[in-house]
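Structural characterization, general
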Amino acid sequence: MTRRTASPEETEALGEALAAACRGGEVIRLSGDLGAGKTCLSRGIARGLGADPAQVASPTFTLLNIYPGRLPMYHVDLYRIESPAELARLDLFEEVEGPGVTVVEWPDLGGEHTPADALCVSLSHGPGEAERGFAFSLSGNGPEYLLSAIGG
Ligand code: ADP
Ligand code: MG
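Residues numbered from 1 in each chain as written. Chains lettered and ligands numbered in written order. Predicted model: local features only at pLDDT ≥ 70, side-chain atom pairs only at ≥ 80, totals over all residues. Heavy atoms only, no water.

**Regarding the overall build of the protein chain**
Convention followed: Going along the chain from the N terminus, every DSSP run of H or I of four or more residues is numbered as a helix, and every run of E of two or more is numbered as a strand. Just to be clear, the radius of gyration here is over C-alpha atoms, and the globule rule we use is 2.2 Å times residues to the power 0.38. Three exposure classes are used, based on accessible area relative to the maximum for each residue type with a 1.4 Å probe and protein chains only: buried under 20%, partly exposed in between, and exposed over 50%. Note on contacts: a residue pair is in contact if any heavy atoms of the two residues lie within 4.5 Å. We get accessible surface area from the Shrake-Rupley algorithm with a probe of 1.4 Å; when it comes to residues, only the shown protein chains can shield them.
The secondary structure content of the protein chain amounts to five helices and seven strands. Overall, the protein chain shows an N-to-C arrangement of helices and strands of β-α-β-α-β-β-α-α-β-β-β-α. Taking 2.2 N^0.38 as the reference for a compact globule, 152 residues should give roughly 15 Å; the C-alpha atoms of the protein chain span a radius of gyration of 14 Å, in line with that estimate. Burial statistics for the protein chain: of 152 residues in total, 47% are counted as buried. Partitioning the contacts of the protein chain with sequence separation of at least 6, the portion at a separation of at least 24 is 66%. When the accessible surface of the protein chain is split by element, carbon and sulfur atoms take 50% of a total near 7300 Å².

Below you can see the structure in the form of structure tokens.
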């Protein structure tokens, strides 16, 4: 299932629609190049969960940020990890096993040490400067109702 947006605002709105359907415990994996809009989509999800979207920074210098809201959002950005082994040592995903929604940027850098049951979003640039493409899929026992929430 795919979607396109033509502005950062539209991308945030897509994130808000996902957030509205979250029940807690979901994992959303965001893949795509620098500048593709992963943090922008994360900001929309945060807003939709009732968190302060201004807290969602790009670029981030921390591996894990937790934003309180209707459900807590665990925002993980693996861009700066050295290796999947480093992630295993940090035990990051042990910390986020709670009632919240886990959003992971650069999940592939964490290899097998990232949650497998997820909504996977692959973001891409273009064709226009402010256009972005989103391909949605489920991995493992991922949350099907999130696909339904955005019309899939
Ligand atoms: P990433 O986290 O994938 O590196 P960011 O969300 O930090 O990307 O940055 C995306 C950049 O692209 C921002 O500067 C944003 O303003 C810009 N942009 C332009 N069009 C869009 C769009 N349709 N959706 C999301 N971001 C967009
Ligand atoms: Mg980012």
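**Comments concerning the coordination of the magnesium ion (ligand 2)**
Keep this limit in mind: Metal-coordinating donors are taken as N, O and S atoms lying within 2.8 Å of the metal, or within 3.2 Å when the metal is Na, K or Ca; because water is left out, some sites can appear incomplete.
Here the magnesium ion (ligand 2) is held by the protein donor atoms Thr39 (OG1) and Glu105 (OE), which lie 2.2 Å from it. Here Thr39, found in helix α2 (residues 38-48), pairs with Glu105, found in strand β5 (residues 101-105); they are 66 residues apart in sequence, far enough to count as distant. Under the relative-accessibility criterion, Glu105 is labelled buried at 3%.

**Topic: unusual backbone geometry**
If a residue is not glycine, its phi is most likely negative; likewise, a peptide bond is most likely trans. Geometrically, the link from Gly126 to Pro127 is a cis peptide bond, its omega value of 10 degrees lying close to zero. At Asp91, a position not held by glycine, the phi torsion is positive, near 60 degrees. Along the chain, the position of Asp91 falls in the loop between α3 (84-90) and α4 (92-95). Residue class for Asp91 comes out partly exposed when judged on its relative accessible area of 42%. One non-glycine residue, Trp106, lies in positive phi territory at about 55 degrees. The topology assignment puts Trp106 in the loop between β5 and β6 (118-125).

**Structural notes on the pairing of strand β7 (residues 132-139)**
Quick reminder of the rule: We treat two strands as partners when DSSP finds at least two bridges between them.
Two elements, strand β1 (residues 2-5) and β7, share four bridges in a ladder whose sense is antiparallel. In the strand pairing of β7, Arg4 is matched with Gly133. Of the pairings in the sheet, the one linking β6 to β7 comprises eight bridges and is antiparallel in character. By the bridge assignment for β7, Ser122 is matched with Ala135. Hairpin geometry of β6 and β7 is characterised by an intervening segment of six residues between the two adjacent antiparallel strands and by a positive phi of about 85 degrees at Gly126.

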